[in-house]
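# Structural characterization, general
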Amino acid sequence: MKKFTTLFTAIALLIGFASCTKKNVETGKTLNIAVSAEVKGMDPIYANDRYSSNEVGRVYEGLLEYHYLKRPYTLVPNLAESMPVVSEDGLTYTFNIRQGVLFHDDSAFPNGKGRELVAEDFVYSIKRLADPKLQGLGWWLLDGKIKGLNEWREKYSDLPSVDYDEVVEGLKATSKYTVEFKLTKPFPQFLYSLAMPFTFATPREVVEKYGKEFLNHPVGTGPFILPTFKQTKKIVYTKNPNFRKKLYPTEASDEFKAAGFLKDAGKELPLVDKVVVNVIIESQPRWLNFLKGKVDFIGIPKDNFDSAVTPDRNLSPEYEKKGISLLINPSLDVTYTAFNHDLKLFQNADLRRAMSLAYDVVKSNELFYNNTSLPAQSVVPPGIAGNIPGYVSPYRGPNIEEAKKLLAKAGYPEGKGLPEITYDCPSGTVSRQIGDYMKQQLAQIGVRIKVVTNPWPELQKKITKRQVMLYGIAWGADYPDAENFLQLLYGPNKAPGANGSGYNNPEFNKLFKTASVMQDSPERTALYEKMNRIAAEQAPWIYGVHRQNFTLRHSFLKNYMSTDFETGQAQYLNIDSELKAKSIEKL
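Residues numbered from 1 in each chain as written. Predicted model: local features only at pLDDT ≥ 70, side-chain atom pairs only at ≥ 80, totals over all residues. Heavy atoms only, no water.

### Here's the deal with the overall build of the protein
On a plain count of helices and strands, the protein comes out with 19 helices and 22 strands. Oriented by its inertia axes, the alpha-carbon framework of the protein measures out at about 80 × 65 × 45 Å. Burial analysis of the protein (587 residues in total) assigns 57% to the buried set. For the protein, restricting intrachain contacts to residue pairs at least 6 apart in sequence, the fraction spanning at least 24 positions comes to 70%. Within the structure as shown, the protein displays about 24,800 Å² of accessible surface, and the carbon and sulfur contribution to it stands at 52%. One way to put it: in the protein the 74 positive side-chain charges average out to a point 3 Å from where the 66 negative ones average out. (Helix = DSSP H or I, 4+ residues; strand = E, 2+ residues; numbered from the N terminus. Buried < 20%, exposed > 50% of the residue type's maximum accessible area, 1.4 Å probe, protein only. Contact = heavy atoms within 4.5 Å. Areas by Shrake-Rupley, 256 points an atom, 1.4 Å probe, with all protein chains shown as cover. Lys, Arg positive; Asp, Glu negative; His and termini not counted. Charge placed at Lys NZ, Arg CZ, Asp CG, Glu CD.)

Set out below in structure tokens:
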């Protein structure tokens, strides 16, 4: 780590003081959010679920981010000064990082004042992700991709401690503000990985001060501060008074221009003073809080859908009068029920196919998604290359007679000889109902299911530790590329990687390995489609649906849109306090 000179430190403090004085003028604007699951903690290397990564993204930042107002999704510099310089062979990426960016104040720093971000912070943070002692949940992202990093990881896997000062050939700070990545092979998704929380910058001295408690002491460079994270029902972030001068975009895609998203163009971010995240697991209390104006936006709970949305998919007049608006957009995601392929039981493809055929996805769409979703035929959602329009899986149910035949072929006629199978799912009424529905569906062919509910962090642990048989979950895109969905079934990505089911098919693995180094092309799309068909025909999961978001927002919430990449979104949102006061009176 390099130290500041006395002169530079003085200048930095003066800038910080001036900035602090300016930004400490509170506007009284508070963003109120409700989430449906508890957060595991605030350590970026464990942020492998939507809930944790969204919280991490309020405090921490990465080199890149998605332009807030451009579609298709477009990467732009965040902590990077500009997009990288890439070598002719496409294997070396050189980033210059922004100067003058400060970490949040914390007692881990001299005099408690956050120091300046330097290139070495990215080197350290990515080594943490690779650290074999920490078992970061995003290691799959960079596994085998950066020169020398796997060797560094393997070297220290059997030693008592890890040396972060040892130089890794492909991961270097070549100057105070320059970081260089050398890849082992083409990695078309590399830039996407630098917009994901797994690679966000963490300060070494803070990690070392708090040790195992680091996940409860988030210290980043981001727009909001959370001095201590506690597993409670409310998380309150405050505006970072030393946040660098980052402005709301002045450019936007036509759809956002037309919708008035440029009214805050050029204003300093963040636009609100506080973000209050309410952890409300059950949908009805979330709904009631929204109706009272205590939550600014909400995905419509299934039991309230018919009262809020008309049959022609417009907002009910009752809600329009209250200044509420409806947003509808498809989501890059897939819901599924995964088999634990470590268990010999589920290495039987006929058993998996039988269970898949017994499941009525159309009815589940009606029961749990108000017929707004699209039944999934395989793993890749519509809207990205690799999805096959019009394709129908031969094992998409319901077909009870064929399911019974396959169950007998699997060696379990009418379910005889099968043990009771546990189905793990998150806590919450709707998750439990989905579990009960699965139980009813499989009972039709003689398969006995026991539903087990878990707090969200506990379910994640059980999946990682392979302590599940069958579990219900969903995957939302980390980046707009089918590779991000197909990697969920790539054998080497087995847990703690993203392949929680542990599916391992040599043919699929070979195709994935070939496609993973190819740039976007018709040839790569053909491989994606081939893998997508294998994923359907081998039934490694029971596929659910690709969801469509129906979101309500209050009129006083500005700049909000439903997006597949929510990390960092809160800094762009605004509250019209005057309008809010008037709107609340109508609610």
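### Examining the packing of helix α3 (residues 119–130) against helix α4 (residues 149–157)
Axes are the key here: two packed helices are described by the angle between their axes and the distance separating the axes. One way to put it is that α3 packs onto α4 with a least axis distance of 10 Å and a crossing angle of 55°. Taken together, the axes of α3 and α4 are oblique relative to one another. The interaxial crossing formed by α3 with α4 has right-handed handedness. On the side of α3, the interface is formed by Ile126, Lys127, Leu129 and Ala130, while α4 contributes Leu149, Trp152 and Arg153. Here the residues of the contact of α3 with α4 are counted per class, giving five nonpolar, no polar and two charged. (Axes fitted to C-alpha atoms, helices over the stretch in contact; angles between N-to-C directions. Parallel < 35°, antiparallel > 145°, perpendicular 65-115°, else oblique. Left-handed = near helix turned anticlockwise from the far one by under 90°. Nonpolar A, V, L, I, M, F, W, Y, C, P; charged D, E, K, R; others polar.)

### With respect to the sheet that holds strand β12 (residues 324–330)
Here we have three strands laid out as an open sheet, ordered β11-β20-β12, and antiparallel in their pairing. Two strands bound the open sheet, and with one partner strand each, they are β11 (297–299) and β12. Direction aside, the axes of adjacent strands within the sheet are offset by 25° on average. By the bridge criterion, seven bridges tie β12 to strand β20 (residues 548–554) in an arrangement that is antiparallel. (Pairing = 2+ DSSP bridges.)

### What to know about the pairing of strand β6 (residues 171–175)
Bridge analysis of β6 against strand β7 (residues 178–182) gives four bridges, and the strand direction is antiparallel. Bridge assignment links Lys172 to a residue of β7, and that residue is Glu180. Between β6 and the antiparallel strand that follows it, β7, lie two residues.

### Regarding the packing of helix α12 (residues 361–369) against helix α14 (residues 429–443)
For the pair α12 and α14, interaxial distance at closest approach is 11 Å and the crossing angle is 160°. If you check the angle between α12 and α14, you find them roughly antiparallel. Relative to α14, α12 is oriented so that their crossing is right-handed. Residues Lys363, Ser364, Leu367, Phe368 and Tyr369 of α12 pack against Val430, Gln433, Ile434 and Tyr437 of α14. When grouped by side-chain class, the residues that make up the contact of α12 with α14 number six nonpolar, two polar and one charged.

### Thoughts on the side chain of Gln189
Among the structural elements, Gln189 can be located in the loop between β7 and α5 (190–193). If sequence neighbours within four positions are ignored, Gln189 has contacts with Tyr479, Asp481, Glu483, Ser516, Arg524 and Tyr528.

### With respect to the pairing of strand β16 (residues 449–454)
Looking at chain direction, strand β15 (residues 421–426) and β16 are connected through six bridges and run parallel. Within β16, the position partnered with Cys425 by the bridge is Thr453. Handedness of the crossover joining β15 and β16 through α14 is recorded here as right-handed. (Right-handed = clockwise from strand over helix to strand, strands pointing away.)

### Focus on the environment of Leu407
Its place among the elements puts Leu407 in helix α13 (residues 400–409). In contact with Leu407, other than residues within four places in its own chain, are Leu351, Ala354, Tyr412, Pro413, Glu414, Gly415, Leu418, Ile445 and Val447.

### Section: the layout of surface pockets
Roughly 810 Å³ of internal volume is contained in the largest pocket. Along the wall of the largest pocket there are 31 residues; nearest its centre are Asp43, Tyr46, Leu134, Gln135 and Leu215. At the level of elements, α3, α6 (204–210) and α15 (456–464) are the ones that each hand at least two residues to the lining of the largest pocket. Sort the elements by how many residues they give to the lining of the largest pocket and α15 lands first, with four residues. (1 Å grid on protein atoms, 1.4 Å probe; cavity = no way out; pocket = protein on both sides within 12 Å on 5 of 7 lines; lining within 4 Å. Points joined across faces, edges and corners; volume = space filled by probe spheres on them.)

### A short note on the sheet that holds strand β4 (residues 85–86)
Read across the open sheet, the four strands follow the order β4-β5-β7-β6; overall the sheet is antiparallel. In the strand order of this sheet, the two ends are held by β4 and β6, each with one partner. When strand β5 (residues 92–96) meets β7, the two strands line up antiparallel, connected through five bridges. By the bridge assignment, Tyr93 is partnered in β7 with Phe181.

### So, the packing of aromatic side chains
Tallying each qualifying case throughout the model produces 29 aromatic pairs. Here the aromatic rings of Tyr51 and Trp456 are separated by 5.5 Å at their centres, their planes lie at 80°, and the arrangement is edge-to-face. Separated by 405 residues along the polypeptide, Tyr51 in helix α2 (residues 50–59) and Trp456 in helix α15 bring together distant segments of the chain. A ring pair is formed by Phe181 and Phe190, whose centres lie 5.3 Å apart and whose planes are at 70°; its orientation type is edge-to-face. By relative accessible area, which is 0% here, Phe181 ends up buried. Overall, the relative accessible area of 0% leaves Phe190 in the buried class. (Phe/Tyr/Trp six-rings, centres within 6.5 Å; stacked < 30°, edge-to-face > 60°.)

### A look at the nonpolar core
Grouped together as the largest cluster of nonpolar side chains are 127 residues, with contacts concentrated most on Leu63 and Phe181. With seven residues, the single largest contributor to this core is α3. Not counting chain neighbours up to four residues away, the residues in contact with Phe181 comprise Leu63, Leu91, Thr92, Tyr93, Phe95, Ile126, Ile146, Gly170, Leu171, Phe190 and Leu194. Counting residues in hydrophobic clusters, the runner-up holds 33 residues, among them Leu351, Tyr412, Met469 and Val545. (Core = buried A, V, L, I, M, F, W, Y, C linked by side-chain atoms within 4.5 Å.)

### Quick notes on the side chain of Ser373
On the secondary structure map, Ser373 appears in the loop between α12 and β14 (374–375). Once residues lying within four places of it in the same chain are set aside, the contact partners of Ser373 are Asn365, Val545, His546, Arg547 and Gln548.

### Regarding helix α11 (residues 349–358)
When you tally the buried positions in α11, you get 10 out of 10 residues, the bulk of the element. Two to three positions downstream of the cap, the backbone nitrogen of Asp350 sits 3.1 Å from a side-chain oxygen, assigning the N-cap of α11 to Asn348. (Polar contact = N/O pair within 3.5 Å; in protein donor to acceptor, adjacent residues only side chain to side chain.)

### Thoughts on the pattern of salt bridges
Between side chains of opposite charge, pairing is possible as soon as their charged atoms come close. Applying the stated criterion across every chain, the model contains 29 salt bridges. The salt bridge partner of Glu65 is Lys246, with a shortest N-O separation of 3.2 Å. With Glu65 in strand β2 (residues 64–66) and Lys246 in the loop between β9 (234–239) and α7 (254–258), this residue pair connects regions lying 181 residues apart in the sequence. Relative accessible area serves as the criterion here: at 13%, Glu65 is assigned to the buried category. One salt-bridge network, in which partners are shared between bridges, spans Arg115, Asp121 and Glu205. (Salt bridge = Lys/Arg side-chain N within 4 Å of Asp/Glu carboxyl O.)

### Re the confidence of the model for the protein
Regions with low pLDDT carry predicted coordinates that are not meant to be interpreted in detail. Per-chain confidence: the protein averages 93 in pLDDT, with 95% of residues scoring 70 or above. Scored below 50 in pLDDT, residues 1–24 makes 27 contacts in the model with residues more than four places away or belonging to other chains. (pLDDT = per-residue confidence, 0-100.)

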